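One-letter residues, chain by chain:
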Amino acid sequence: MKVIICGAGRVGYGIAERLSTEDNDVSVIDTSPSLIHAIRESLDVRGYVGHGSQPDVLEQAGADQADMIIAVTLYDEVNMVACQVAHSLFNVPTKIARIRAQSYLQSHYQDLFSREHMPIDVIISPEVEVGQMVLRRIALPGVTDAVRFANDTIAMVAIECLEDCPVVNTPLEQLSDLFPDLIATVTGIWRDGRLIVPHSGDQLQTGDLAYVICDRTHVRRTLGLFGHDESEATRIVIAGGGNIGYFVAHAIEQQQPSSRVKIIEYNREKALDVADRLDRTVVLHGSSLDTQILIEADIEDADLMVSLTNDDQVNILSCVMAKRLGCKSNLALINSPAFLDFTKTLGIDAHVNPRAVTISRILQHVRRGRILAVHSIQQGAAEVIEAEALETSPIVGTPLRELDLPNGIRIGALYRGGHVMRPDGESKITTGDRVVLLAKASAVRHVEQLFRVSLEFF
């Protein structure tokens, strides 16, 4: 596949890195010579200095032969025009744009991005995507990651195995025997810096991070099985009143009217604006690194501190301070991969990486075959994938134990006729089933093959 990426920042670089390792033909455009130089030096991609919205630059990058353009520059308008030019002048089939300004995305303007006006096939709104991820984490205390699949009927949750975890040192197949009516499958284990796709005889160990795919209605029971019985947060302090902070606070007001939310915002004008737009949320003007402001926000009685500013260091430090002042748990927004490896040692209970969320959203449209959703985990070490089985898919009709699946793939759940099923060796995938599985990065191509229409092989 030939792909043009406009924007060589964190998201653009991450997409280019993933696609180039999968033998795609990738070209990257950015106005920064230093970013283009860096991406040329470190990745097997072509780099072009210029504006991704300008026809001559797109032509130089090979837009006339491109299968897809992904516009993720810092500017919504550049992203939109790049897609328009790619469509009008070069007839690029698939156009993806990152658009942050919510005014473009209001429902009564939805016709703006139709094929007749500004033809963009997929719109990525990081603020909404990240905000929804934060809300899922708040709703499921005890998980470090949470995503939904198959019309919200299947969930993938990442659960840490603490010292008192009841299921450690127990073969996974024995767990299935002990809890036959629990629709939950351990599909991945993050241990000592590497991802393991387990077999039925493998065991969990203390300190493991288990990636479990389960029926959404069984999530609470699954958490209890792992020894996590934390109560849902009802007293929440949010650092940062920007787009994401406002989105989260507004959603909590609508969905959890009994919860009490307070926002700390450093910018006075923004604090006043957010206070006017929210009904029950208390907005404090000040720094989330100011101990007195945290005390004023009653942080010692709070269930959760959620730090959502644009500064990673502020998010990390404010979470650490909140914990030391008595807050029960915390959640930080962290953009830089450099900070992710030692968040746990600093006392960060959970984090959300906007870059990873955006890349995951884009990957589902890059993947070949009937791939419906993708969630990247552990900085690209693996993907949790939802795929639809077609009549000609090679995975249909054969018992799972007889399929020649590589070691890097483990099927977690099937969705058929409105019901979620836990697969076993005798299970057969039928036409129309939705399959949710975990695949290591090296096995993703094999998953694409399993869920492609047979004619696509030729």
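Model, not experiment: these values are computed from the prediction.

Visitor: Looking at this structure, I do not really get the overall build of the protein chain. What am I missing?
Guide: If you tally the helices and strands in the protein chain, you get 15 helices and 22 strands. Here the C-alpha atoms of the protein chain give a radius of gyration of 23 Å, agreeing with the 23 Å that 2.2 N^0.38 yields for 458 residues. Residues classed as buried in the protein chain amount to 55% of the 458 residues present. Considering only intrachain contacts with a sequence separation of at least 6, the fraction spanning at least 24 residues in the protein chain is 65%. For the protein chain, the computed accessible surface area is about 20400 Å², with 48% contributed by carbon and sulfur atoms.

Visitor: So what exactly am I meant to see when it comes to the pairing of strand E5 (residues 94-98) here?
Guide: Sheet faces and side chains relate simply in a regular strand, where the side chains alternate between the two faces. Judged by how many residues are buried, E5 sits mostly within the fold: four of five residues are covered. Across four bridges, the pairing between strand E4 (residues 68-71) and E5 is parallel. For Ile69, the partnering residue across the bridge sits in E5 and is Lys95. In this view, the connection linking E4 to its parallel neighbour E5 by way of helix H4 (residues 76-90) has right-handed handedness. Bridge count for E5 against strand E6 (residues 122-124) is three bridges, and the pairing is parallel. Bridge pairing in E6 links Ala97 to Ile123.

Visitor: Quick question: what am I supposed to make of unusual backbone geometry here?
Guide: Excluding glycine, most residues fall at negative phi; most peptide bonds, likewise, are trans. Non-glycine residue Asp192 carries a positive phi angle of around 55 degrees. Along the chain, the position of Asp192 falls in the loop between strand E9 (184-191) and strand E10 (194-196). Positive phi values are uncommon outside glycine, yet Gln379 reaches one of about 50 degrees.

Visitor: What is the right way to read the side chain of Thr73 from this model?
Guide: Topologically, Thr73 is positioned in the loop between E4 and H4. Side-chain polar atoms of Thr73 contact the side chain of Asn79, separated by 2.7 Å.

Visitor: Can you walk me through the pairing of strand E8 (residues 154-160) in this structure?
Guide: With six of seven residues buried, E8 lies mostly within the body of the structure. The hairpin turn running from strand E7 (residues 143-149) into E8, its antiparallel successor, is four residues long, and Ala150 in that turn takes a positive phi close to 50 degrees.

Visitor: Would you mind showing me how to read helix H14 (residues 354-366) here?
Guide: Along an α-helix, a turn takes 3.6 residues, which lines up residues three or four apart on a common side. Over its 13 residues, H14 runs 19 Å from end to end, which matches the ideal 18 Å to within 8%, given 1.5 Å per residue. The element H14 is extensively covered by neighbouring structure, given that 10 of its 13 residues are classed as buried. Every buried residue of H14 is listed here: Pro354, Arg355, Val357, Thr358, Ile359, Ser360, Ile362, Leu363, Gln364 and Val366. For H14, the N-terminal cap is Asn353; the gap from its side-chain oxygen to the backbone nitrogen of Arg355 is 3.0 Å.

Visitor: Is there a simple way to think about the UniProt feature "domain: RCK N-terminal" (unreviewed entry) in the protein chain in this case?
Guide: With numbering aligned to this structure, UniProt lists the feature "domain: RCK N-terminal" (unreviewed entry) at residues 1-124 and 233-353. From the first C-alpha to the last, residues 1-124 spans 21 Å; its make-up is 35% helix and 22% strand. Taken end to end, residues 233-353 is 41% helix and 22% strand, and its two terminal C-alpha atoms sit 21 Å from one another.

Visitor: How do you make sense of the sheet that holds strand E11 (residues 209-215) when you look at a structure like this?
Guide: Pairing is antiparallel across the open sheet formed by five strands, whose spatial order is E7-E8-E11-E9-E10. With one partner strand each, in any of the chains shown, E7 and E10 form the two edges of the open sheet. For this sheet, the mean angle separating the axes of adjacent strands, direction not counted, is 20 degrees. Bridge analysis of E8 against E11 gives seven bridges, and the strand direction is antiparallel.

Visitor: Would you explain the UniProt feature "domain: RCK C-terminal" (unreviewed entry) in the protein chain in this entry?
Guide: According to UniProt, the "domain: RCK C-terminal" (unreviewed entry) feature falls on residues 144-228 and 372-453. For residues 144-228, helix accounts for 16% and strand for 36%, while the C-alpha atoms at its two ends are 12 Å apart.

Visitor: What exactly am I supposed to notice about the side chain of Asp208 here?
Guide: Turning to its location among the elements, Asp208 is positioned in the loop between E10 and E11. Of note is the side chain of Asp208, whose polar atom sits 2.7 Å from the backbone nitrogen of Gln205.

Visitor: Honestly, helix H11 (residues 312-324) in this entry has me stumped. Any pointers?
Guide: Helix length check: H11 (13 residues) gives 19 Å between terminal C-alpha atoms against 18 Å at 1.5 Å per residue, within 8%. Asp312, Val314, Asn315, Ile316, Ser318, Cys319, Val320 and Ala322 are the residues of H11 that are buried. Residues of H11 that are buried sit in contact with strand E12 (235-239), strand E15 (304-307), strand E16 (329-333), helix H12 (337-340) and helix H13 (343-346). Among the residues of H11, the N-terminal cap falls to Asp311, whose side-chain oxygen and the backbone nitrogen of Gln313 are separated by 2.9 Å.

Visitor: Honestly, the packing of aromatic side chains in this entry has me stumped. Any pointers?
Guide: The geometry of an aromatic ring pair is captured by the separation of the ring centres together with the interplanar angle, meaning the angle of the planes. Enumeration according to the criterion identifies zero aromatic pairs in this entry. Its end group placed over the ring of Tyr246, Arg277 keeps NZ or CZ at 3.8 Å from the ring centre.

Visitor: It is not clear to me how the pattern of salt bridges should be interpreted in this structure. Could you clarify?
Guide: One side chain can pair with another of opposite charge once the charged atoms of both are near each other. Enumeration over the complete set of coordinates arrives at 24 salt bridges. For Arg445, the salt bridge is made with Glu448, and the minimal N-O distance between the two is 3.4 Å. You can see Arg445 and its partner Glu448 sitting in helix H15 (residues 444-450), three residues apart, about one turn around the helix. Through salt bridges that share partners, Arg18, Glu22, Arg367, Glu383, Arg445 and Glu448 make up one connected network.

Visitor: What is the right way to look at the environment of Ser360 in this model?
Guide: With respect to the helices and strands, the residue Ser360 is situated in helix H14. Ignoring anything within four residues of it in the chain, the contact list for Ser360 reads Val374, His375 and Ser376.

Visitor: Would you mind going over the environment of Asn407 with me for this structure?
Guide: Its place among the elements puts Asn407 in the loop between strand E19 (382-388) and strand E20 (409-416). Asn407 sits in the exposed class, given a relative accessible area of 60%. On a C-alpha basis, the gap between Asn407 and Ser329 in space is 36 Å, while along the polypeptide they are 78 residues apart. Contact partners of Asn407, with chain neighbours within four places excluded, come to Val197 and His199.

Basis of the calculations
Residues numbered from 1 in each chain as written. Predicted model: local features only at pLDDT ≥ 70, side-chain atom pairs only at ≥ 80, totals over all residues. Heavy atoms only, no water. Helix = DSSP H or I, 4+ residues; strand = E, 2+ residues; numbered from the N terminus. Rg over C-alpha atoms; globule rule 2.2 N^0.38 Å. Buried < 20%, exposed > 50% of the residue type's maximum accessible area, 1.4 Å probe, protein only. Contact = heavy atoms within 4.5 Å. Areas by Shrake-Rupley, 256 points an atom, 1.4 Å probe, with all protein chains shown as cover. Pairing = 2+ DSSP bridges. Right-handed = clockwise from strand over helix to strand, strands pointing away. Polar contact = N/O pair within 3.5 Å; in protein donor to acceptor, adjacent residues only side chain to side chain. Expected span 1.5 Å × (residues − 1). UniProt positions renumbered as here; feature names shortened; annotations may be inferred. Axes fitted to C-alpha atoms, helices over the stretch in contact; angles between N-to-C directions. Phe/Tyr/Trp six-rings, centres within 6.5 Å; stacked < 30°, edge-to-face > 60°. Lys NZ or Arg CZ within 6 Å of the ring centre and 35° of its normal. Salt bridge = Lys/Arg side-chain N within 4 Å of Asp/Glu carboxyl O.

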